[in-house]
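Here are the chains, one letter per residue:
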Amino acid sequence: MSSPAVEGISVVVDQNQYLAEGADTVDAVVTVESGAQFAVAAPARERVEIIIIDCSGSMAAGDRFAGARTATLAALDEMPDGTLFAIVKGTHVGEVVFPARGPLQRADRESRTAARHALDKLRPYGGTAMGMWLGVARQIAGQYPGAMAHAILLTDGKNEHEEPAHLLDEIRQSAGLFTCDCRGVGTNYVVAELRTVASGLLGSVDVVKQGSELTADFQALTQASMGRTIPELTLRVWTPAGAAVRFVKQVAPTIEDLSDRRHETAAQVGEYPLGSWGAEERDYHVQVRLDPAAPGREKLAARISVVAGDEVVGQGLVKAVWTTDNELSARISRRVAHYTGQAELAEAVQEGLSARKEGDVHTATAKLQRAVELAAESGNEGTAKLLRGVVEVDDHTGTVRLRNDVDTFDEMALDARSTKTARVRKES
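So, here is what we can say about the structure in this document. (Residues numbered from 1 in each chain as written. Predicted model: local features only at pLDDT ≥ 70, side-chain atom pairs only at ≥ 80, totals over all residues. Heavy atoms only, no water.)

## So, the overall build of the protein chain
For the protein chain, the count of helices and strands is twelve helices and 20 strands. Whereas a compact globule of 428 residues would reach a radius of gyration of roughly 22 Å, the protein chain reaches 23 Å, a difference of no more than 12%. Principal-axis analysis of the C-alpha atoms gives the protein chain an extent of 75 × 55 × 35 Å. A burial count over the protein chain gives 51% of its 428 residues as buried. Once local pairs closer than 6 in sequence are excluded, the contacts in the protein chain between residues at least 24 apart make up 75%. Of the accessible surface of the protein chain, which amounts to about 18900 Å², a share of 49% is contributed by carbon and sulfur atoms. (Helix = DSSP H or I, 4+ residues; strand = E, 2+ residues; numbered from the N terminus. Rg over C-alpha atoms; globule rule 2.2 N^0.38 Å. Buried < 20%, exposed > 50% of the residue type's maximum accessible area, 1.4 Å probe, protein only. Contact = heavy atoms within 4.5 Å. Areas by Shrake-Rupley, 256 points an atom, 1.4 Å probe, with all protein chains shown as cover.)

As structure tokens, then:
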């Protein structure tokens, strides 16, 4: 079921609304699409771009530091003139190195040249304390209330020079002030740490092997940031009395569980922040539990609204109809089944890699075997290819065995990209 586009926002609900007698769980995939018209029409906002460069001693290895510098300059070139920007040096502390003092400067020929000179003076030394870096970015963003603030955080190491609780606290304090994409270079960082930062600040996580690979990545991240003109969309979910939302998950383009971000705004109403948007499409899996009704009875299980500011700009309905017709109730929405499998795939990959690190060969093999099967079934060619760097697959039997000679980067790339999903078309 779909709602008509409202000022460029459309909401499409895919589900099998028929439930067996006594069943109490409804699943639906909700596709939210923001059209170019809506994105362009959004009121212009001040833009703040913050680039956080790991300058710890380990960044001197190979071309990491040179690559970070080149990538930062490339990102500056992608910013339209007039964009406010800052460069933060990250060691065991965080420090703004451009501008060295005073308010942020706007991107133009002169400021880009000055930023280049500031980058020339940087040298890798010291440790890694990402919470300190985020704290500096938070202070910068806090000086420009109402602006759309975005950060890129690059690191090559573990967050080992501060307590883990400090990083979590900074993520909590920074949420809503700026978004943050995280990138790891080399193989000495912890993917889970980067994912924690990116997830908490509504950004992405990915990894590169060499510093030379950062330039294209930084350019793409900056282009994507500049293309987001809608500061914030919110998913508002109303359920009737006696019903409850079990979970809300983003399932495309990546998997992100939003359930613990729920903010109760009224009786039976919860809101989930979706971050900034451009002209794009994202899918969400919503599961609702409600009291069963008699066969033939229909209930509204949930009303899904997309909210911009205080205005509802799109809406869809999740329904439930109880039936004694087994053929009707046994049907599974193709998209619900697909994304349920994608979530299981990501979980199998992460649990398999964790078991492998702990030396639990039996569990690792079983989990990664399941991951190979799910990747093939769903057409997730990206994950399937990455899996072959960690396991050997018998093409005749489909069985797998762990590789003895796994490239550390291949394993980390599989972990980092395990939440990227293969899209499936909306039901007609």
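## A look at the packing of helix H9 (residues 334-357) against helix H12 (residues 408-416)
Where H9 meets H12, the axes come as close as 9 Å, and the angle between the chain directions of the two elements is 145°. Seen from above, H9 lies across H12 with left-handed handedness. Residues Val349, Gln350, Leu353, Arg356 and Lys357 of H9 pack against Glu411, Leu414 and Asp415 of H12. In the contact of H9 with H12, the residues fall into three nonpolar, one polar and four charged. (Axes fitted to C-alpha atoms, helices over the stretch in contact; angles between N-to-C directions. Left-handed = near helix turned anticlockwise from the far one by under 90°. Nonpolar A, V, L, I, M, F, W, Y, C, P; charged D, E, K, R; others polar.)

## Section: unusual backbone geometry
Keep in mind that most residues, glycine aside, have a negative phi and that most peptide bonds are trans. Omega for the peptide link from Phe98 to Pro99 comes to -5°, which places this bond in the cis form. For the bond from Ala252 to Pro253, the omega torsion is 10°, close enough to zero to count as cis. Locating Pro253 in the fold gives a position in the loop between strand E12 (244-252) and strand E13 (256-257). In this structure, Leu202 is a non-glycine residue whose phi angle is positive, near 55°. Mapped onto the fold, Leu202 is located in the loop between helix H6 (191-200) and strand E10 (205-208). Phi is positive for Gln268, close to 65°, though the residue is something other than glycine. Mapping Gln268 onto the fold places it in the loop between strand E14 (263-266) and strand E15 (269-273). For Gln268, a relative accessible area of 30% corresponds to the partly exposed category.

## As for the packing of aromatic side chains
Scanning all chains against the criterion turns up one aromatic pair. Plain terms: the ring middles of Phe85 and Phe98 are 5.2 Å apart, the flat faces sit at 20° to each other, and that makes the pair stacked. With a gap of 13 residues between them, Phe85 in strand E5 (residues 84-90) and Phe98 in strand E6 (residues 94-98) connect regions that are remote in the sequence. By the burial criterion, Phe85 is buried, and Phe98 matches it. Seen from the ring of Phe247, Lys249 lies directly overhead, with NZ or CZ sitting 4.5 Å from the centre. The aromatic ring of Trp238 is capped on one face by Arg303, whose charged end is 4.8 Å from the ring centroid. (Phe/Tyr/Trp six-rings, centres within 6.5 Å; stacked < 30°, edge-to-face > 60°. Lys NZ or Arg CZ within 6 Å of the ring centre and 35° of its normal.)

## Overview of H6
Every buried residue belonging to H6 is among Val191, Leu194, Arg195, Val197, Ala198 and Ser199, and all of these are buried. Leu202, located one to two residues past H6, shows a positive phi value of around 55°.

## Thoughts on the sheet that holds strand E17 (residues 298-308)
Taken in spatial order, the six strands make up an open sheet running E2-E18-E17-E11-E15-E14, and their pairing is mixed. Across the chains shown, the open sheet's two edge strands, defined by having one partner strand only, are strand E2 (18-20) and E14. On average, adjacent strands in this sheet sit at an angle of 30° to one another, irrespective of strand direction. Relative to strand E18 (residues 311-323), E2 runs parallel, the two sharing three bridges. Looking at the pairing, Ala20 lines up with Thr323 of E18. (Pairing = 2+ DSSP bridges.)

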